[in-house]
Amino acid sequence: MASEITLYSYPTSPFAAKVHAYLLYKRLAFRVHYVNPLKLTSTLPVGQQIPVLTIDGSHYADSSSIINEIERRWPAEVTAQQPLIDTRDQWLTENMVPTLFRAAFMEADSSAFKACRNAWRLAAVMRKACGVPLMLTPGWPLLLRKQPFIRSLVLPQISQGSAPEQRQKMLKQMKHWLSEKPYLAGDCISQVDISAYGMLAMPYYLDLEDADDFVRCEVIKAWFEPIDKLICDSALQATDNSRPPLLAAQWCSRLPLTKA
Ligand SMILES: N[C@@H](CCC(=O)N[C@@H](CS)C(=O)NCC(=O)O)C(=O)O
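As annotated in an unreviewed UniProt entry, the chain carries the name Glutathione S-transferase and comes from Pseudomonas marincola.

Here you go:
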């Protein structure tokens, strides 16, 4: 019998996007419970943060640990070396997640206007998917700026340089890995690729400003497009909606890069 899998998620969470993309990659049947952030702790079956994954009544928290649990239960036939996967996954998550939050985090420069527009875009999606009340959405840029978990991710990176500089650093590192091997941790696709894909695809498809820099880079685009097709096809081919897409079409302002 197939396992019962539920992902507790926000459509705008880069951590949840990693796990959601991985479930699609694995072609597992699952459902997504989009959580109202005002009722986060009373809704989650464990912990206080998104994502949580429930498999047959067992609960798992933390995106990388969840992916490791999925891999333990449904192992890949061929895989890259685990220590390399772990180090690169950690590096990418630590560097990429703050840049994603910075896209909607008002800083003391001209990008503050872009950050506000991005925050409102995210608020609109959170309203549709998670039932965030309309009256909260105008203040979303300020609410994001005040969130302790966002501040703890973003503030250390701000002291290291501008958001575009940090994204360039990340893209340079990904390009370097892809110049050595076809995938981010070697000759075969691994959780590093799928996690990075999820974290890049979510802001790209929601059309956050300046979130298409990686698609404009030929090397990254050549890596991204086949993974995008794999993940989008997985959702489309499950006609009973047993594999919900990473982002529902009605939230996206961009057309799919690749057709099924
Ligand atoms: N290390 C965790 C971080 C998860 C996380 O920060 N989730 C955010 C949403 S993107 C959250 O639920 N924040 C609510 C809070 O900390 O109050 C992971 O990888 O899953």
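1. What to know about the sheet that holds strand β2 (residues 31-34)
The strands that make up a sheet pair up through hydrogen bonds in the backbone, lying either parallel or antiparallel. Sheet architecture is open: four strands sit in the order β2-β1-β3-β4, paired in mixed fashion. Each end of this open sheet is capped by a strand with a single partner; those strands are β2 and β4 (58-61). For this sheet, the mean angle separating the axes of adjacent strands, direction not counted, is 20°. Relative to β2, strand β1 (residues 5-9) is paired through four bridges, and the arrangement is parallel. Within β2, the position partnered with T6 by the bridge is R31. Running over the sheet, helix α1 (residues 14-25) touches β1, β2 and β3 (52-55) and is turned about 155° from β1.

2. Quick word on unusual backbone geometry
Excluding glycine, a negative phi dihedral is what most residues carry, and trans is how most peptide bonds are arranged. Across the junction of I50 and P51, the peptide omega takes the value 0°, indicating a cis bond. The topology assignment puts P51 in the loop between α2 (40-43) and β3. Residue R27 is not a glycine yet carries a positive backbone phi of 60°. Relative to the elements of secondary structure, R27 occurs in the loop between α1 and β2. The class of R27 is partly exposed, set by a relative accessible area of 38%.

3. Observations regarding the UniProt feature "domain: GST C-terminal" (unreviewed entry) in the chain
Under the UniProt annotation, "domain: GST C-terminal" (unreviewed entry) lies at residues 118-246. Secondary structure across residues 118-246 comprises 65% helix and 0% strand; the distance between its end C-alpha atoms is 19 Å.

4. Digging into the packing of helix α4 (residues 82-102) against helix α8 (residues 163-180)
For any two helices packed against each other, the geometry comes down to the angle between their axes and how far apart the axes lie. Viewed as axis vectors pointing N to C, α4 and α8 meet at an angle of 150°, and their least axial separation amounts to 9 Å. The angle between α4 and α8 falls in the class roughly antiparallel. Judged by the twist between their axes, the crossing of α4 over α8 is left-handed. Two secondary-structure elements touch here, α4 through R88, W91, L92, N95, M96, T99, L100 and R102 and α8 through A163, Q166, R167, K169, M170, Q173, M174, W177 and E180. For the contact of α4 with α8, a count of residues per class yields eight nonpolar, four polar and five charged.

5. Describing the side chain of S242
Inspection of the secondary structure assignment puts S242 in the segment after α10 (218-237). Of the residues examined, S242 reaches a relative accessible area of 18% and is grouped as buried. Side chain to side chain, S242 and D240 meet in a polar contact 2.8 Å long. If we ignore the near neighbours within four places in the chain, the residues touching S242 are L28, A29 and F30.

6. Some remarks on the UniProt feature "domain: GST N-terminal" (unreviewed entry) in the chain
Here the UniProt-annotated "domain: GST N-terminal" (unreviewed entry) positions come out as residues 3-78. The span residues 3-78 is 36% helical and 22% strand by assignment, and the distance between its end C-alpha atoms comes to 23 Å.

7. Points about the nonpolar core
Judged by nonpolar contacts, the single largest core of 82 residues is most densely connected at L23, L92, M174, L184, Y197 and W223. Considering every element that reaches this core, the biggest residue donor is helix α9 (residues 191-205), with ten residues. Each of domain 1 (5-73) and domain 2 (82-253) contributes no fewer than three residues to this core. Excluding residues within four positions of it along the chain, Y197 makes contact with A21, Y205, W223, F224, I227, D228, I231, C232 and L246.

8. Digging into the domain arrangement of the chain
Domain assignment breaks the chain into domain 1 (5-73) and domain 2 (82-253). Summarising the inter-unit geometry, the C-alpha centres of domain 1 and domain 2 are found 17 Å apart. On the side of domain 2, 40 residues touch domain 1, which itself brings 28 residues to the contact. For the pair domain 1 and domain 2, the two sides together bury roughly 2700 Å², of which 70% comes from carbon and sulfur. Connecting domain 1 to domain 2 are one salt bridge.

9. Let's talk about the packing of α9 against α10
One can describe the packing of α9 onto α10 by two numbers: an axis separation of 10 Å at closest approach and a directional angle of 85°. It follows that α9 is roughly perpendicular to α10 by the angle criterion. From α9, D193, I194, A196, Y197, L200, A201 and Y205 reach across to α10, where they touch W223, F224, I227, D228, I231 and C232. Counted by class, the contact of α9 with α10 contains eleven nonpolar, no polar and two charged residues.

Definitions and cut-offs
- Residues numbered from 1 in each chain as written.
- Predicted model: local features only at pLDDT ≥ 70, side-chain atom pairs only at ≥ 80, totals over all residues.
- Heavy atoms only, no water.
- Pairing = 2+ DSSP bridges.
- Helix = DSSP H or I, 4+ residues; strand = E, 2+ residues; numbered from the N terminus.
- Axes fitted to C-alpha atoms, helices over the stretch in contact; angles between N-to-C directions.
- Contact = heavy atoms within 4.5 Å.
- Buried < 20%, exposed > 50% of the residue type's maximum accessible area, 1.4 Å probe, protein only.
- UniProt positions renumbered as here; feature names shortened; annotations may be inferred.
- Parallel < 35°, antiparallel > 145°, perpendicular 65-115°, else oblique.
- Left-handed = near helix turned anticlockwise from the far one by under 90°.
- Nonpolar A, V, L, I, M, F, W, Y, C, P; charged D, E, K, R; others polar.
- Polar contact = N/O pair within 3.5 Å; in protein donor to acceptor, adjacent residues only side chain to side chain.
- Core = buried A, V, L, I, M, F, W, Y, C linked by side-chain atoms within 4.5 Å.
- Domains from an automatic or database assignment.
- Buried area = accessible area lost by both parts, 1.4 Å probe.
- Salt bridge = Lys/Arg side-chain N within 4 Å of Asp/Glu carboxyl O.

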